[in-house]
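Residues per chain are reported as follows:
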Amino acid sequence: MVRENLGSWKKYRPIITVESWSTETERQAFLQQLKERRRFPRRELFQVLSDVGAITNRQKKHEILESIGELLLFAKDPNVPEDLIELLQTTRDSETRIWVSRILPQLADETIIPSIMQFFRHPKPIYRQLAKKLLEPFNVDTVADTLAGELILGAWTNRSDPLRFLFEIAPDKVTSACRQTLLIGSETDQITALEILADLRTEDAVKAMSESVDDDSDTVRLLLAKRLGRIPGPVSVDCLVKLSTDKTQAIAKTALEGLKRLADKSSLPAVVKCAEHENVGVRAAALSTLGEIGGADQLPALLQGIKDSDIHIRQAAENAIILLSRRVDIDENNAVSALMKDEDVNVRRAAARILAETDANTILSNVFEYIQDEDWWVRESVVKGLTTLRDATVYPAAIELLGHHDPVLRRYAIDILVNLENRQAIESLLLLLKDADWWVRENAVIGLGKLGSKDIVPVLSELLAIPGLCVAAANALGNIGHQSAVQPLVDHLPAADTRSRLAILDALEKIKSPDSIPMIETCLNDSDRDVRIKAGEVLARLRVDRAALKDAGHQRWLNTPMSVLDTLLTEARRQNATDVILTSSGPPMAGFDGDLTPMASESLTHDQLMSMIYPILSPMLEAQFNNEQDLAFSYEIEGAGRFYGSVMHHLTGINLSFRLLPDVIPPLESLKLPDYVKTLVELRHGLILIAGPPSSGKTTTVAALISRINEMRRNRIVTIEKPIEYLHKQQKSFIIQREVGRHTASFSGALHAALREDADVIMVSDIPDRDTLSQVLTTAGSGHLVIASTNSFPVSTILKSMIEAFPAARQNHICNLLAESLRAIVCQQLVPQAEKDEPVIAAEILVNTPNVSGIIRNNKLFQITSVMSTGGDRGMISMDQSLVNLVRQGIVTHEDAYSRTYDKQQYESLMQEMTE
């Protein structure tokens with residue numbers, strides 16, 4: 001009995017244990033003994049491999065794995081490769097998997113490839129990545145042929161990863177597999193297949209893509225429309241034509257955009273048909289496409305759009321006709337004339353706008369007839385159109401119109417001539433001073449004031465004596481501004497009526513003659529209150545010493561006059577501009593919510609810009625600009641505020657732009673972020689990441705958090721920025737703000753210095769490299785609160801990029817650091833509001849709960865999105881949920897939200913739940 005028990009114990013005792021050796025010599029001796037055994041202990045070795053994950057001593061685990069590897073390589077047992085495949089399926093130890101992936105290719109031949117392929121079918125991404133690694137050493141053609149065959153014939157739950165792998169190693173063999181995927185694959189797999197085929201762009205690939213034109217999934221058809229719209233050819237056009245009639249608006253509009261981009265004339269009949277679509281958005285897109293790629297034959301369809309009852313369609317048709325007229329030779333005058341006769345006033349107004357924008361070669365006289373009874377603004381629009389053309393036929397047509405029997409058209413002709421700014425018209429206007437119609441006479445006087453010179457001052461001066469024309473004559477003389485008009489104006493001032501006296505005072509102020517001051521002084525005792533006030537204002541301005549006014553009003557520092565740059569920036573601030581753009585060979589421009597307005601008529605030269613930039617850069621920043629050819633920096637003008645500057649070299653010189661920074665940090669509540677964000681200021685240690693694309697408001701959010709901490713508690717706060725945008729005033733906390741490139745050489749160096757300063761809170765405006773990231777994680781994990789921003793998004797991508805920034809050997813350590821130090825990630829983007837000009841923030845939030853910490857520690861980042869979607873009770877929210885909430889509240893439109901979602905299908909599902 002004892003012997004039997006002893007035999008049983010020996011049978012299950014591991015053949016290798018952590019006690020099998022203590023030195024390398026003993027290990028080699030032990031391995032030699034096993035090699036010399038008559039029966040190779042394969043089963044026993046694999047029993048050890050199945051239990052090796054329980055070994056906590058990493059050094060011993062490594063030695064045991066390496067020892068078993070030596071034995072397996074020595075034995076060359078043909079059964080070992082399949083055993084290793086089975087081990088990969090069962091082991092949960094990552095080090096064992098890495099070891100197997102390294103040794104398996106040394107033991108197996110190409111017959112093992114089908115067995116490796118099964119890992120592509122595994123539901124966990126880590127195994128699908130493992131399959132790619134295991135297949136790398138084998139012949140590419142063999143691997144590709146095997147995988148292509150499996151994808152065509154086999155059943156798969158996930159085809160995306162093997163498709164991408166096949167595309168990487170053998171793009172010429174992936175088309176058939178993609179075609180099969182489009183037929184039987186999941187929606188996710190179909191999307192992958194379409195992306196791959198779109199990248200191939202071969203004839204077979206495009207044909208395979210076109211077979212999905214009737215797919216049940218809106219997402220698939222939408223992607224098909226997007227991709228085919230960038231691949232020229234008849235197959236793409238035919239497919240887009242069919243998609244342009246799709247029941248889903250987004251798909252139809254995208255298909256029309258694709259047809260516009262491809263500019264294939266054969267698609268025009270289908271586009272014309274889409275102009276009659278029941279959906280307003282599709283009709284508008286079709287009209288826009290006709291304007292871009294159509295010809296004269298498509299003009300009737302566009303004219304029909306002008307008559308549509310929907311304003312969006314009318315505007316789209318107007319814009320399309322304007323585009324069409326600039327590309328091809330069409331008879332837009334006949335078109336406009338026809339529209340002018342329409343009974344609908346909206347159609348007639350549209351005709352005026354078209355005429356104001358089109359570059360017509362001739363002007364039809366009957367246009368004047370059609371606008372005779374129109375609203376004043378319609379006539380003004382046509383005037384603008386006619387005068388903008390500067391066509392040689394406009395002037396004689398307007399001169400001829402001066403003799404028209406209808407006074408309305410005579411007045412209209414005067415407007416055209418004045419807007420043409422042609423001084424030859426003065427003689428004709430002088431003849432109208434005796435016109436039977438009083439309004440014609442007044443318009444002629446006004447026109448003479450705009451076109452005339454000192455030569456007609458005597459004629460206009462005589463009109464001052466005519467009560468009905470005195471005001472117009474005074475205004476005209478003021479516009480001409482010649483000194484010879486002063487005496488006639490002064491002479492008529494006492495006897496004129498109140499309205500005329502006010503007009504004469506205005507004219508005298510414009511001429512700016514000191515000789516008029518005595519007469520204006522008499523008006524200070526005028527019986528009319530308005531005249532007395534007006535005279536006082538005019539005298540105040542005329543008596544001011546102009547040189548003193550210039551010094552006081554335009555030069556705040558008498559000893560140090562402002563530079564040209566400071567003057568531009570100060571003026572932009574005064575006008576509430578958002579930014580200033582200075583570029584070579586162009587005038588300085590001021591931005592007002594996206595619209596650019598010239599600040600001067602003269603263009604800037606390259607030398608002028610260089611003379612502006614170098615004086616405001618520190619030696620460190622100047623050296624950086626010379627080395628890197630572009631630079632971001634901060635700039636401050638005393639009394640005018642702070643600016644975010646950016647300078648870069650380009651093809652024709654340099655571009656210098658400044659964003660005007662607010663003087664006051666907005667309160668955290670005003671940003672309308674989720675309530676959980678406000679609680680982040682209560683944290684005392686760990687990492688808070690504020691993320692999002694450029695210009696998404698990250699800097700403002702970070703500044704608001706720092707400002708709130710400054711208000712709440714006594715901390716030492718160090719900010720490390722490039723550049724410094726918001727200035728923090730000392731409140732309860734002591735704040736040090738440092739700019740990289742000006743006060744410190746690098747982010748990582750500044751972080752080390754902040755630790756020496758024993759800072760409680762450290763703000764980092766950017767994480768530009770791996771060294772900075774490593775320092776941020778270490779600092780956050782050592783008892784400091786770190787608030788950092790990054791341009792990455794979404795949350796899952798942020799975490800993945802942080803981990804993968806380090807070599808594979810360090811990634812487990814980084815996962816542990818992140819799991820321990822991270823407190824929250826707020827990833828935000830700006831979305832236009834439906835009824836307000838300013839955008840609103842949509843934010844997704846990840847809170848580092850124990851569950852999230854485990855996911856990060858085990859590098860299972862694919863689970864992050866679902867955790868955010870279900871973690872609302874812990875303050876978490878996904879971007880799609882945030883956008884749906886904004887739509888539900890009526891703050892943003894569905895279209896704006898849909899274009900910014902991360903997962904279109906998830907967003908649509910959430911929207912459907914909302915409506916139900």
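Residues numbered from 1 in each chain as written. Predicted model: local features only at pLDDT ≥ 70, side-chain atom pairs only at ≥ 80, totals over all residues. Heavy atoms only, no water.

Asker: Looking at this structure, I do not really get the overall build of the protein. What am I missing?
Answerer: The secondary structure content of the protein amounts to 49 helices and 13 strands. A total accessible area of about 45000 Å² is found for the protein, and carbon and sulfur atoms account for 49% of it. (Helix = DSSP H or I, 4+ residues; strand = E, 2+ residues; numbered from the N terminus. Areas by Shrake-Rupley, 256 points an atom, 1.4 Å probe, with all protein chains shown as cover.)

Asker: Help me understand the confidence of the model for the protein, please; the structure alone is not making it clear to me.
Answerer: Interpretation of this model should avoid reading the predicted coordinates in detail wherever pLDDT is low. Confidence in the prediction of the protein, expressed as mean pLDDT, is 83, and 88% of residues score 70 or more. Of all helices and strands in the protein, the one with the weakest mean pLDDT is helix α35 (residues 546-554) (35), whereas strand β10 (residues 761-764) scores best (95). Counting interchain partners and residues more than four positions distant, the pLDDT-below-50 stretch residues 359-365 has 20 contacts. (pLDDT = per-residue confidence, 0-100. Contact = heavy atoms within 4.5 Å.)

Asker: How should I be thinking about the packing of aromatic side chains in this particular structure?
Answerer: The description of an aromatic ring pair uses the distance of the two centres, along with the angle that the planes make with each other. Under the defined criterion, the tally for this structure stands at eight aromatic pairs. Ring geometry for W438 versus W439: centroids 4.7 Å apart, planes at 80°, classification edge-to-face. The class for W439 is partly exposed, based on a relative accessible area of 48%. Consider the rings of Y898 and Y907, whose centres lie 5.8 Å apart with planes at 65°: the pair is edge-to-face. Owing to a relative accessible area of 16%, Y898 belongs among the buried residues under this scheme. For Y907, a relative accessible area of 0% gives the class buried. Site record: aromatic cluster; members linked through ring pairs are F633, Y635 and F658. Stacked on the ring of Y898, the Lys or Arg K904 has its end atom at 4.8 Å from the ring centre. (Phe/Tyr/Trp six-rings, centres within 6.5 Å; stacked < 30°, edge-to-face > 60°. Buried < 20%, exposed > 50% of the residue type's maximum accessible area, 1.4 Å probe, protein only. Lys NZ or Arg CZ within 6 Å of the ring centre and 35° of its normal.)

Asker: Even after reading the chapter, I still don't get helix α32 (residues 498-511), so can you show me in this structure?
Answerer: Note: α-helices contain 3.6 residues per turn, so residues at a spacing of three or four share the same orientation. In this model α32 runs 20 Å from its N-terminal to its C-terminal C-alpha over 14 residues, within 8% of the 20 Å that 1.5 Å per residue would give. For α32, every residue scored as buried is listed here: S500, R501, A503, I504, L505, A507, L508, E509 and I511. K512 sits one or two residues past α32 and shows a positive phi near 60°. (Expected span 1.5 Å × (residues − 1).)

Asker: Just to check I follow, could you spell out the sheet that holds strand β3 (residues 595-598) for this structure?
Answerer: Taken together, six strands build an open sheet; the order of strands is β3-β2-β1-β6-β5-β4 and the sheet is antiparallel. Looking at strand neighbours, the two that pair on one side only are β3 and β4 (630-637), the edges of this open sheet. Here the average twist between neighbouring strands, direction ignored, is 25°. Summarising the sheet, strand β5 (residues 641-650) and strand β6 (residues 653-660) pair through eight bridges and their orientation is antiparallel. (Pairing = 2+ DSSP bridges. Axes fitted to C-alpha atoms, helices over the stretch in contact; angles between N-to-C directions.)

Asker: Help me understand the packing of helix α9 (residues 140-153) against helix α10 (residues 160-169) in this model?
Answerer: Packed helix pairs are specified by the crossing angle of their axes together with the interaxial distance, meaning the distance between the axes. α10 packs onto α9 with a crossing angle of 145° between their chain directions and a minimal axis gap of 10 Å. The two elements α9 and α10 cross, and the hand of that crossing is left-handed. Contacts between α9 and α10 involve V140, V143, A144, L147, A148 and L151 from the first element and P162, L163, F165, L166 and I169 from the second. For the contact of α9 with α10, the class distribution of residues is 11 nonpolar, no polar and no charged. (Left-handed = near helix turned anticlockwise from the far one by under 90°. Nonpolar A, V, L, I, M, F, W, Y, C, P; charged D, E, K, R; others polar.)

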